[in-house]
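Coordinate inspection notes
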Amino acid sequence: MPEGATLFERACRGVRGERTPVWIMRQAGRYLPEYRALREKVDFIMATKTPEVAARITLQPMERYPLDAAILFADIMTPLEGMGVGVEFAPGPLIAQPVRSLAQARSLRALDPHESVPFVLDALRLVRSELAADRALIAFAGAPFTLFCYTVEGGGSKDFMEARSFLRAEPEAASELLDLLGTSMAAYLVAQAQAGADALMLFDSWVGLLGPDSYRRFALPVLQRTLSRVRAEVDRPIIYFANGGSTLLEAVVEVGADVVGVDWTLPLSSAVQRIGALAVVQGNLDPAALFAPRAELGTAIDTVLEEGAAAAAHVFNLGHGIHRTTDPDQVAFLVDRVHERSAKIASASSVSAGT
Ligand code: CP3
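Residues numbered from 1 in each chain as written. Predicted model: local features only at pLDDT ≥ 70, side-chain atom pairs only at ≥ 80, totals over all residues. Heavy atoms only, no water.

**Details of the pairing of strand 4 (residues 136-142)**
In terms of residue burial, strand 4 counts as a mostly covered element, since seven of its seven residues are buried. Side-chain alternation along strand 4 places A136, I138, F140 and G142 on one buried face and L137, A139 and A141 on a second face that is also buried. Relative to strand 4, strand 1 (residues 69-71) runs parallel, the two sharing three bridges. When the bridges of strand 4 are listed, A69 appears paired with A136. Summarising the sheet, strand 4 and strand 5 (residues 199-204) pair through five bridges and their orientation is parallel. The partner of F140 across the bridge, within strand 5, is M201. (Buried < 20%, exposed > 50% of the residue type's maximum accessible area, 1.4 Å probe, protein only. Helix = DSSP H or I, 4+ residues; strand = E, 2+ residues; numbered from the N terminus. Pairing = 2+ DSSP bridges.)

Given below as structure tokens:
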């Protein structure tokens, strides 16, 4: 572990500190009035492509709350343009020419991050230079299967039937596309680490649509290759989040990430039991819990912390992205509660361990 590693990075490596680190998926976004104010002046794509604006938005939640990590403001779809996939946002991603054939898959190119997304790398450098040294900076990419879903379907969907049937109907095209996404995202993550990211995260938002056998067949091998490529180049903790992955956890362990993101559909204690107590987990408060009265929210937070205590280490987070109608004051309460409560748990366990 690098010297001066933050509390968050130490937790990612399985080392418990004086309290549990916390950050929130989609923390830089529409529930914040300052984000909405900025977005009135700049559209979403322009905001992601202008390093000063992306850096500003990334830092907005850091200025409001004592969060332990920042996550770069960008989108999982941001690097696809550089591969030849045109993407618009309305506000979810839309692809005018979805990939539906081997010829189309072969017309795409591998991402060169320095050439196609220099603005992301510049935004990371800017954020790292402004962020306090004891706060970590997370960079991310979409996992190959989730990017495959959007690229083939052409946009959001309840079941991504077009994409999932393409896996079976056009196996050669599907496998080439998944591979190209994997090598491209590996290069993207490496470049982001070299630009100053302290940790790397892969979002597999739609992989819960696969059962365990299909996961092992279509998603896992390309994920494993992606992680080995990244690890061959840079030493950063890697977080893998399989949304809707409660039936997949045993297979998710085989990805080999440092931290397993857990969604809110199962108790964190069951996840730890299935993943193994040597694992580091991230999660998993239901984003809807932020709409409960304070007393109920407090209890829900405490439960997640207590259940996370069974893992090697725990990074507190929601079980998926924060909803855009969430009251920002509830987030302030959450961050303080996690810090206070986990500091008590940590000091009680060091007393009982005689340390
Ligand atoms: O704060 C952060 O977490 C960093 C920024 C971030 C965004 N998108 C900004 C964004 C991150 C990490 C993402 C990842 C992302 N994008 C995922 C994976 C995580 C997940 O939620 O499963 C996915 C599937 C996308 C694709 C995407 N982009 C969707 C579905 C949407 C629409 C969301 C909605 O609720 O309507 C987007 C747009 C988007 N990405 C917004 C933001 C802040 C809203 C854009 C706006 O300002 O109108």
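This is not the end of the story, as more comes after the structure.
**Some details on unusual backbone geometry**
Both trends apply: most residues other than glycine have a negative phi, and most peptide bonds are in trans. The linkage connecting A90 with the following residue, P91, adopts the cis geometry, with an omega of -15°. For P91, the location among the structural elements is in the loop between strand 2 (87-89) and strand 3 (93-95). With an omega of -15°, the peptide bond running from G283 to N284 counts as cis. Positive phi is not limited to glycine here, since R26 has a value of about 65°. Mapped onto the elements of the fold, R26 is located in the loop between helix 1 (7-12) and helix 2 (33-41). Overall, the relative accessible area of 58% leaves R26 in the exposed class.

**Brief notes about helix 9 (residues 161-169)**
Note: α-helices contain 3.6 residues per turn, so residues at a spacing of three or four share the same orientation. Taken together, the buried positions of helix 9 are occupied by A163, R164, F166 and L167. Projected down its long axis, helix 9 carries its buried residues within an arc of 155°, all on one side. In the core, the buried residues of helix 9 are packed alongside helix 8 (144-153), helix 10 (171-194) and helix 11 (212-233). (Arc of directions from axis to C-beta. Contact = heavy atoms within 4.5 Å.)

**Section: the pattern of salt bridges**
Across all of its chains, the model carries 17 salt bridges by this definition. In this structure, R19 and D68 form a salt bridge, with 3.0 Å as the shortest nitrogen-oxygen distance. Taken together, the residues span a long stretch of sequence, with R19 in the loop between helix 1 and helix 2 and D68 in the loop between helix 4 (51-64) and strand 1 at a distance of 49 residues. One salt bridge in this structure joins D122 and R125, with 2.7 Å as the shortest N-O distance. Here the residue D122 and the residue R125 both occupy positions in helix 7 (residues 118-130), the gap between them amounting to three residues, near one helical turn. Judged by relative accessible area, which is 41%, R125 ranks as partly exposed. Where salt bridges share partners, they join D302, E306, R337 and R341 into one cluster. (Salt bridge = Lys/Arg side-chain N within 4 Å of Asp/Glu carboxyl O.)

**As for the sheet that holds strand 7 (residues 259-261)**
Taken together, seven strands build an open sheet; the order of strands is 1-4-5-6-7-8-9 and the sheet is parallel. Looking at which strands have only one partner, the edges of the open sheet turn out to be strand 1 and strand 9 (313-318). When strand polarity is set aside, the average angle formed by the axes of neighbouring strands in this sheet is 25°. (Axes fitted to C-alpha atoms, helices over the stretch in contact; angles between N-to-C directions.)

Just distances and angles here, no functional claims.
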